[in-house]
Amino acid sequence: PRTLGVMTFDGLDANGYPYAIGTTTTNYADYLTSKPIDLSGYDLSDSIYISFLYQSEGLGDIPEPSDSLVLEFYSQGQGQWFHIWSDSGTVVAPFRLVHIPILDLNYFSDAFQFRFKNYGGLSGALDHFHLDMVSLKQTEYSDTLFSDFSFVYPMNSLLKDYTSVPWDHYKSSVDNKLTDSLFISLYNGSDTPENYLDGSIEVFYNGLNEGSYTLSGFVLAEEEINYSPLDYADSYHDITGEYEYDKSLTGFSEEFEVLTNVTAQFDNYEPNDSTRFTQGFYNYYSYDDGSAEAAFGPTGSQSQLAIHFEAYEADSIIGIDLSFVPSVNDVTDKLFILTVWEDDNGNPGNVLYEDDVFSPRTPLYAQGENTFVPYFFADTQKVAVGTSFFVGWRQLDPERLNLGFDRNIDKSKEIFYSVDGGGNWLLSPFEGSAMLRPIFSTGMDASLGIESIVESKNEILIYPNPAYDIINVRVPSPQSGTKKILLDSYGRILKETNSNRFNISALN
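Treat the numbers as computed from the prediction; the structure is a model and nothing was measured.

Colleague: Quick one: what's the story with the sheet that holds strand E2 (residues 26-33), residue by residue and with numbers?
Modeller: Whether parallel or antiparallel, the strands of a sheet pair through hydrogen bonds between backbone atoms. Here we have 4 strands laid out as an open sheet, ordered E2-E7-E4-E5, and antiparallel in their pairing. The sheet terminates laterally at E2 and strand E5 (80-88), the two strands that pair on one side only. With direction set aside, neighbouring strand axes in the sheet form an average angle of 25 degrees.

Colleague: Residues and numbers for unusual backbone geometry, please.
Modeller: Even without a glycine there, the phi angle at Met133 is positive, about 55 degrees. With respect to the secondary-structure elements, Met133 resides in strand E8 (residues 129-138). Positioned with a positive phi, Glu222 is a non-glycine residue whose angle comes to about 60 degrees. Turning to its location among the elements, Glu222 is positioned in the loop between helix H2 (217-220) and strand E14 (226-227).

Colleague: For the nonpolar core, give the residues involved together with the corresponding values.
Modeller: Grouped together as the largest cluster of nonpolar side chains are 68 residues, with contacts concentrated most on Leu158, Tyr245 and Leu322. Ignoring sequence-local partners within four residues, the contact set of Leu158 consists of Leu178, Thr179, Leu182, Ile201, Val203, Ile239, Tyr245, Val258, Phe277 and Gln279. Of all hydrophobic cores here, the second largest spans 20 residues; its members include Phe52, Leu71, Tyr107 and Phe114.

Colleague: Describe in detail the sheet that holds strand E18 (residues 294-296), supporting the description with residues and values.
Modeller: Across the sheet, which stays open at both edges, the 3 strands sit in the order E18-E26-E29 with antiparallel pairing between neighbours. A single partner strand is all that each edge strand has here, and the edge strands are E18 and strand E29 (433-434).

Colleague: Run through the side chain of Asp67, naming residues and quoting values.
Modeller: Within the secondary structure, Asp67 is located in the loop between strand E3 (48-56) and strand E4 (68-75). With no salt bridge to any partner, buried Asp67 finds its closest opposite charge in Arg96, at an N-O distance of 13 Å. Polar contacts involving the side chain of Asp67 include one to the main-chain amide nitrogen of Glu64, which spans 2.7 Å. Non-local contacts of Asp67, meaning those with residues more than four positions away in its chain, are made with Asp87, Ser88, Gly89, Tyr119, Gly120, Gly121, Asp127 and Phe129.

Colleague: Before we move on, can you summarise the packing of aromatic side chains with the specific residues and values?
Modeller: Summed over all chains, the structure comprises 44 aromatic pairs. Geometrically, the ring pair formed by Phe324 and Phe336 is tilted, given 5.7 Å between the ring centres and 50 degrees between the ring planes. On the criterion of sequence distance, the pair formed by Phe324 in the loop between strand E20 (315-322) and strand E21 (336-344) and Phe336 in strand E21 is long-range, its members being 12 residues apart. Given a relative accessible area of 5%, Phe324 falls into the buried group. A relative accessible area of 0% places Phe336 in the buried class. Ring pairs connect the aromatic residues Tyr162, Tyr285, Tyr287, Phe309, Tyr312, Phe389 and Phe440, which therefore count as one cluster. We note Lys117 situated over the ring of Tyr28; from NZ or CZ to the ring centre the distance is 4.0 Å. Over the ring of Tyr312 we find Lys177; its NZ or CZ atom is 4.5 Å from the centre of that ring.

Colleague: Lay out the pairing of strand E16 (residues 254-261) with the relevant residues and their values.
Modeller: Pairing analysis gives 5 bridges linking strand E12 (residues 199-205) to E16, with the strands arranged antiparallel. Each residue of the ladder has a partner; that of Val203, found in E16, is Val258. Two strands pair when backbone bridges link them, and E16 and strand E17 (residues 274-281) are joined in this way by 8 bridges, in the antiparallel orientation. Its bridge partner lying in E17, Phe256 is registered against Gln279.

Colleague: Would you mind going over the environment of Gly77 in detail, with residue names and values included?
Modeller: Position of Gly77 relative to the elements: it lies in the loop between E4 and E5. Separated by 35 residues in sequence, Gly77 and Phe112 have C-alpha atoms that sit 9.7 Å apart.

Colleague: Which residues make up empty space enclosed by the protein, and what are the values?
Modeller: Using a probe with the size of a water molecule, rolled over the atoms, empty space left in the structure can be pinpointed. Evaluation of the coordinates by the stated rule reveals 4 cavities of 30 Å³ or more. Taken as a whole, the largest cavity spans an internal volume of roughly 50 Å³. In terms of lining, the largest cavity is formed by Leu158, Leu178, Ile201, Val203, Gly211, Ser212, Tyr213, Ile239 and Tyr243. At the level of elements, E12 and strand E13 (208-215) are the ones that each hand at least two residues to the lining of the largest cavity. Element by element, the count of residues in the lining of the largest cavity is highest for E13, at 3 residues. Partitioning the lining of the largest cavity into residue classes produces 7 nonpolar, 2 polar and no charged.

Colleague: So what's going on with the pattern of salt bridges? Which residues, and what values?
Modeller: Under the criterion given, the structure shown has 15 salt bridges. The closest approach of N and O atoms between Lys117 and Glu72, which form a salt bridge, is 3.0 Å. Pair noted here: Lys117 is in strand E7 (residues 113-121) and Glu72 is in strand E4, with a separation of 45 residues, a long-range link. Of the charged contacts, one joins Asp355 and Arg361 as a salt bridge, the two residues approaching to 2.9 Å between their closest N and O atoms. We classify Asp355 as buried; its relative accessible area is 4%. Its relative accessible area of 15% is what places Arg361 among the buried residues.

Colleague: A description of a nonpolar patch on the surface should follow, citing residues and the corresponding values.
Modeller: Taken together, the side chains of Leu44, Leu103 and Leu105 make up a nonpolar region of the molecular surface, amounting to roughly 330 Å² of accessible area. Assessed through its relative accessible area of 41%, Leu44 is described here as partly exposed.

Colleague: So what's going on with the pairing of strand E23 (residues 373-376)? Residues and values would help.
Modeller: The two faces of E23 differ: Val373 and Tyr375 on one face are buried, but Pro374 and Phe376 on the other face are not. Alignment of E20 against E23, held across 4 bridges, turns out to be antiparallel. Across the sheet, residue Leu322 finds its bridge partner in E23, namely Val373.

Criteria and thresholds
Residues numbered from 1 in each chain as written. Predicted model: local features only at pLDDT ≥ 70, side-chain atom pairs only at ≥ 80, totals over all residues. Heavy atoms only, no water. Pairing = 2+ DSSP bridges. Helix = DSSP H or I, 4+ residues; strand = E, 2+ residues; numbered from the N terminus. Axes fitted to C-alpha atoms, helices over the stretch in contact; angles between N-to-C directions. Core = buried A, V, L, I, M, F, W, Y, C linked by side-chain atoms within 4.5 Å. Buried < 20%, exposed > 50% of the residue type's maximum accessible area, 1.4 Å probe, protein only. Contact = heavy atoms within 4.5 Å. Lys, Arg positive; Asp, Glu negative; His and termini not counted. Salt bridge = Lys/Arg side-chain N within 4 Å of Asp/Glu carboxyl O. Polar contact = N/O pair within 3.5 Å; in protein donor to acceptor, adjacent residues only side chain to side chain. Phe/Tyr/Trp six-rings, centres within 6.5 Å; stacked < 30°, edge-to-face > 60°. Lys NZ or Arg CZ within 6 Å of the ring centre and 35° of its normal. 1 Å grid on protein atoms, 1.4 Å probe; cavity = no way out; pocket = protein on both sides within 12 Å on 5 of 7 lines; lining within 4 Å. Points joined across faces, edges and corners; volume = space filled by probe spheres on them. Nonpolar A, V, L, I, M, F, W, Y, C, P; charged D, E, K, R; others polar. Patch = residues over 30% accessible without salt bridge, like charges linked within 9 Å, V, L, I, M, F, W, Y side chains within 5 Å. Areas by Shrake-Rupley, 256 points an atom, 1.4 Å probe, with all protein chains shown as cover.

Structure, rendered in structure tokens:
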């Protein structure tokens, strides 16, 4: 996009739920309608134009050629809407300009309206079109310039690797956890080079300014004398030497408001040259920005999804926040088992926790778009993890469970999946972040009703159950070399081993 604040059209209703899930129905879905506009004082000679930028797909789903984005005008005198413009679906390309004159006297009333609508699939966040910079003004055919200076993307965190971490982890960290490569992308909508000025980051706590950081204009402009005309400027900024969130605060969770401003030396639309976000420190680690552009997950019975986290300190987790996206088919009757793994040289290793197979979970669709649902571990227990661990699930059904996928923040190197029972782990082929967040034990536990139940290191663990290829046996360290014997229901010996696993693939 050229600016913040893009309108997206898809197959989701106002509550983030598909208009017609589980169907292949295509029809008109979203509508964006203007308020009545008084054009009664104008006529054809006044050269009134409507202008806008639009794009198909973006970071979402490719609309088919049979899908479309449509513009309509409302005639008050005739009491109906008329088709003015449309374009069909295609793969992503830069935002395109449309510049249309109003050439019908029927529209010059005191209640003119225009509206956009999309035609596409109604079963989810599909067939995306994006709309930006809509304007209606008295101008001329050649005036096709949106002379604006703007942020291209919002900012969502000053932390190096995460959008949120538990506050007690952050405040006990010794080194500065802020980013040394804060990415900022700007667009100069002027058709001439424009001088740069320094920008700023300001941090507020309870409405009071508690710190600031200067963004070098020279760095923002890609170390050029000016911002290039009609072009993007991408830059990275090291803020580790300038600021840290106040670690003396004693709450269980904390929030800071972060305001970033940039300017160039020409008049522009001010709301686009600043961006504000809340840096929250809650009871979880998160990679994502809280907004799903897609839905993803492995397919196949017994397939597994594991997300890697590198915590600031060893601690205990009590569950996982998951954001499942209703997409194409309703999978709320499909089963999965929450799982926590140790880190085994960069891959999921020993299982630290797994739900009982007789008490599986199902995806839940929360009310509202991009909402997370907490899945707490059985018997409200806490599971001790080191600084490096994996959390995710083993699914019992073959269908994809459609976990939310944030395509704005690429943490694909932390996403692992297996389709052979954990024998081989593969990295995600898609760029983005899984909308999955491990919930840590903090002072907030009292309000969550979480009891302190920690797995004993002296327990013998046998998993997975059911098993099809491999049975793993974890025993206390002093007994790790002990012989293990696999018996059938009659007590007959089927296999013996001194290792920590049985290969049962040849057994009935």
